[in-house]
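What follows is the residue order along each chain.
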Amino acid sequence: YEEFLSTLRQGLDNSNCRICCNYLRSALTGFEMTGLWKFHPLFFVLKLYGGHFSPILGMVEQDDKEEKDNPFIAIFDTNHKYNGAYFVPCR
């Protein structure tokens, strides 16, 4: 984890570097049930195991000594339906 955090900080400090992450949008926004897909078992599998790529905008370090190694990461969701940016703990 420390190596990941160090690499992330270095990448965010470099103006020539862009970082994106693959995450489960359903973990942040919940399941969106639309159409007939909501009745198909494959829908749940895709929502649980399908990732979504979005750019990391930045990092906000925490002042608390206990949480110093768990900064908040700003992730920009490129799909306008999901409210833009999220702040999530790095761990």
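Residues numbered from 1 in each chain as written. Predicted model: local features only at pLDDT ≥ 70, side-chain atom pairs only at ≥ 80, totals over all residues. Heavy atoms only, no water.

### Examining helix α1 (residues 2-13)
Test applied: Helix and strand definitions follow DSSP, with helices as H or I runs of at least four residues and strands as E runs of at least two, each counted in order from the N terminus. In this analysis, the expected span of each helix is defined as 1.5 Å times one less than the number of residues it contains. Whether two residues are in contact is decided by their heavy atoms, any of which lying within 4.5 Å being enough.
With 12 residues, α1 ought to run about 16 Å at 1.5 Å a step, and its terminal C-alpha atoms sit 17 Å apart, in line with that. For α1, the elements touching its buried residues are β2 (52-60) and β3 (72-76).

### What to know about the nonpolar core
Note the cut-off: Throughout this description, the term nonpolar core refers to a set of buried Ala, Val, Leu, Ile, Met, Phe, Trp, Tyr and Cys residues connected via side-chain atoms within 4.5 Å. Relative accessibility under 20% of the residue-type maximum defines a buried residue, over 50% an exposed one, and the middle range a partly exposed one, all with a 1.4 Å probe and only protein chains included.
Listed in full, the 12 residues of the largest apolar core are Leu5, Leu8, Cys21, Tyr23, Ile56, Met59, Ile73, Ile75, Tyr82, Tyr86, Val88 and Cys90. At the level of elements, α1, β1 (20-23), β2, β3 and β4 (85-89) are the ones that each hand at least two residues to this core. Excluding its chain neighbours within four sequence positions, the residues that come into contact with Ile75 are Cys21, Tyr23, Ser54, Pro55, Gly84, Ala85, Tyr86 and Val88.

### Considerations on the pairing of β4
We count it as follows: When DSSP finds at least two bridges between two strands, those strands are taken to pair.
Alternating positions in β4 separate cleanly, Tyr86 and Val88 being buried on one face and Ala85, Phe87 and Pro89 remaining unburied on the opposite face. Here 5 bridges tie β3 to β4, and the two strands are oriented antiparallel to one another. If you follow Phe72 over to β4, its bridge partner there is Pro89.

### A few points about the sheet that holds β4
Worth spelling out the cut-off: For helices, the fitted line uses only the C-alpha atoms of the stretch in contact; every axis is such a line through C-alpha atoms, and the angle between N-to-C directions lies from 0 to 180 degrees.
Across the sheet, which stays open at both edges, the 4 strands sit in the order β1-β2-β3-β4 with antiparallel pairing between neighbours. The two strands at the open ends of the sheet, each matched to only one other strand, are β1 and β4. The average angle at which neighbouring strand axes cross in this sheet is 45°, direction not considered. Relative to β3, β2 runs antiparallel, the two being bridged by 4 bridges.

### Concerning the environment of Leu12
Relative to the assigned elements, Leu12 resides in helix α1. The class of Leu12 is partly exposed, set by a relative accessible area of 28%. As a C-alpha pair, Leu12 and Met59 span 47 residues in sequence and 7.9 Å in three-dimensional space. With residues up to four places along the chain from it excluded, the contact list for Leu12 reads Ile19, Ile56, Leu57, Gly58 and Met59.

### As for the packing of aromatic side chains
How two aromatic rings sit relative to each other is set out by the distance from centre to centre and by the angle between their planes. Convention followed: Any two of the Phe, Tyr and Trp rings considered here, Trp counted by its six-membered ring, make a pair once their centres fall within 6.5 Å; the pair's planes then place it as stacked at under 30 degrees, edge-to-face at over 60, or tilted in between. By definition, being over a ring means that NZ of Lys or CZ of Arg is both within 6 Å of the ring centre and within 35 degrees of the ring normal.
One pass over the structure, following the stated rule, counts 1 aromatic pair. Seen in terms of ring centroids, Tyr1 and Phe4 are 6.4 Å apart; in terms of plane orientation they differ by 40°. Their pairing is tilted. When the ring centre of Tyr1 is taken as reference, the NZ or CZ atom of Arg91 above it lies at 3.9 Å.

### Digging into the confidence of the model for the chain
Condition: Note: pLDDT gives the predictor's confidence per residue, expressed from 0 to 100.
A residue-level look at the chain finds 71% of positions with pLDDT of 70 or above and a mean pLDDT of 78. Helix α3 (residues 41-49) is the least confidently modelled element of the chain, averaging 63 in pLDDT, while α1 averages 91, the highest of any element.

### Section: the state of the cysteines
We count it as follows: Two cysteine sulfur atoms form a disulfide, by the criterion used here, when they sit within 2.5 Å.
Throughout the structure, instances matching the rule amount to 0 disulfides. With no disulfide partner, Cys20 has as its closest neighbouring cysteine sulfur the one in Cys21, 7.0 Å distant. For the unlinked cysteine Cys90, the closest cysteine sulfur is that of Cys21, found at 9.7 Å.

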